[in-house]
Amino acid sequence: CGSCGKSTTVKCARCKDVYYCNAECQKAHWKEHKRICDMDRYIRRVGALLQDLFFAWAEQMHRDCFVRIEDTGSHLIVYDGPHQQGSFYPFPNHLVKNAKDKRMILSSQMCDEALAYFKDLVDEMLKGTECKLHEFHFRVKIPRRRTKIITVHGEDITGPLRAHLVIAVSAKDNQKEWIIDPTGAQFSMFEAVMGKSEYEHRYVDKVLSHPKWGYTKKKFEAYAKERGYAGLMARISFKSMECIHQTVLSWKTAHGDLNSNLFRATDPVFQDRK
C-alpha cells in the first residue's frame, strides 16, 4: 500500500501504478500521489492522441500499392504490387479484416517517421509539463504476431531485425517514466502509452541506443535535402505536417491552450475535444 505499506492488490483506478488497501488509505496518500497521478493521465492522453493522429496521417500518406494480405497466425504478410515511385495510393481497406490489422500494416517500418515528423507536435502537446524526453531504440522480443511486407519482386523488406524506436518520457524528478509508442502495432504492441518498467519487461529484448530527443528529426531533415526518391518523400512528409500544425492552431484559437483545455480537462470534455 502506498500509504501504510501493507500488502494489497488494489490499484489506483487512474494511473494503475500505486496500490492501496482501501479508500481511506488512498485518501490519506492523495496529496502526495496527486501530482504524479495527474501527470500519468496527461501523458496517457498525449500518447493516445498522438497515436490516433499518426494513423490518420499514415493512411493519407499511404504510398504502397498492396494487392494481397495473408494471415499465417505469426505474421500478417502484405504483398506489394507494381507502382510508380512518388505516387500515393488509397489504403486497401477491402483487404483488411479489422482495425488492429489495419494499424499493423500502417505502422510497419514507420517508427522513425513517427518520431521525425511528429516531433514538434509532441513538444507542443507536452509544453508546460516539465517532462524530459529522449528517444529509445531497442530490439523487440519475438512478438506474438508481426507485419511482413513483400515487394513485387518477392523481397521481404521488413527483415528479421525487429528494431524499434519509441519516445521515453520521465517526470522532472524521475519519479516515474513512460514509453509513448505510436507505431508498436507492427509488432502487435497496440498500447499507446505504458510505464517504462512494464514496457521493458513485456517487449524489450535488447537496448540498442538512447538518442537525444530530436535526433531522428534531424536525420530526416538531412534526407529532405537529398535528391532522389527518399529526399522527395521526406520533403513531402514534412510539408504534410503543416496541415496538422495549422489544425492545431485553429483548435487553439477556438478552445485555448492544449495543456489546460484539452489534456487536463475532465474525461467527457477531453473525449469530445480529442
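Residues numbered from 1 in each chain as written. Predicted model: local features only at pLDDT ≥ 70, side-chain atom pairs only at ≥ 80, totals over all residues. Heavy atoms only, no water.

The name given to the protein in an unreviewed UniProt entry is MYND-type domain-containing protein, and the organism recorded there is Sporormia fimetaria CBS 119925.

Draft legend 1. Here's a closer look at the overall build of the protein. From N to C terminus, the protein includes nine helices and 10 strands. Taken over the C-alpha trace, the protein has a radius of gyration of 20 Å; the compact-globule value for 274 residues is 19 Å, and the two agree within 12%. Overall size of the protein, expressed as C-alpha extent along the three principal axes, is 65 × 45 × 35 Å. Taken across its 274 residues, the protein has 46% of its residues classed as buried. The contacts in the protein between residues at least 6 apart in sequence include a share of 68% that link residues at least 24 apart. One way to put it: in the protein the 44 positive side-chain charges average out to a point 3 Å from where the 34 negative ones average out. (Helix = DSSP H or I, 4+ residues; strand = E, 2+ residues; numbered from the N terminus. Rg over C-alpha atoms; globule rule 2.2 N^0.38 Å. Buried < 20%, exposed > 50% of the residue type's maximum accessible area, 1.4 Å probe, protein only. Contact = heavy atoms within 4.5 Å. Lys, Arg positive; Asp, Glu negative; His and termini not counted. Charge placed at Lys NZ, Arg CZ, Asp CG, Glu CD.)

Draft legend 2. Fine view of the side chain of Thr147. By secondary structure assignment, the location of Thr147 is in strand S6 (residues 146-150). Look at Thr147 and you get buried, because its relative accessible area is 1%. One polar contact links the side chain of Thr147 to the main-chain carbonyl oxygen of Met104, over a distance of 2.9 Å. Beyond its immediate stretch of four places on either side in the chain, Thr147 contacts Leu76, Val78, Met104, Ile105, Ser108, Thr158 and Gln186. (Polar contact = N/O pair within 3.5 Å; in protein donor to acceptor, adjacent residues only side chain to side chain.)

Draft legend 3. Just the side chain of Lys176, in detail. Tracing the backbone through its elements, the reader meets Lys176 in the loop between strand S7 (163-170) and strand S8 (177-180). Residue Lys176 is classed as buried on the basis of its relative accessible area of 8%.

Draft legend 4. Geometry of the domain arrangement of the protein. Split by domain assignment, the protein resolves into domain 1 (1-35) and domain 2 (46-62 + 109-143 + 159-273). Spacing between the C-alpha centres of domain 1 and domain 2 amounts to 30 Å. (Domains from an automatic or database assignment.)

Draft legend 5. Focus on helix H7 (residues 229-255). With 27 residues, H7 ought to run about 39 Å at 1.5 Å a step, and its terminal C-alpha atoms sit 40 Å apart, in line with that. All of the buried residues along H7 are Gly231, Met233, Ala234, Ser237, Ser240, Met241, Ile244, Val248 and Trp251. One or two residues past the end of H7 sits Gly256, with phi positive at roughly 105°. (Expected span 1.5 Å × (residues − 1).)

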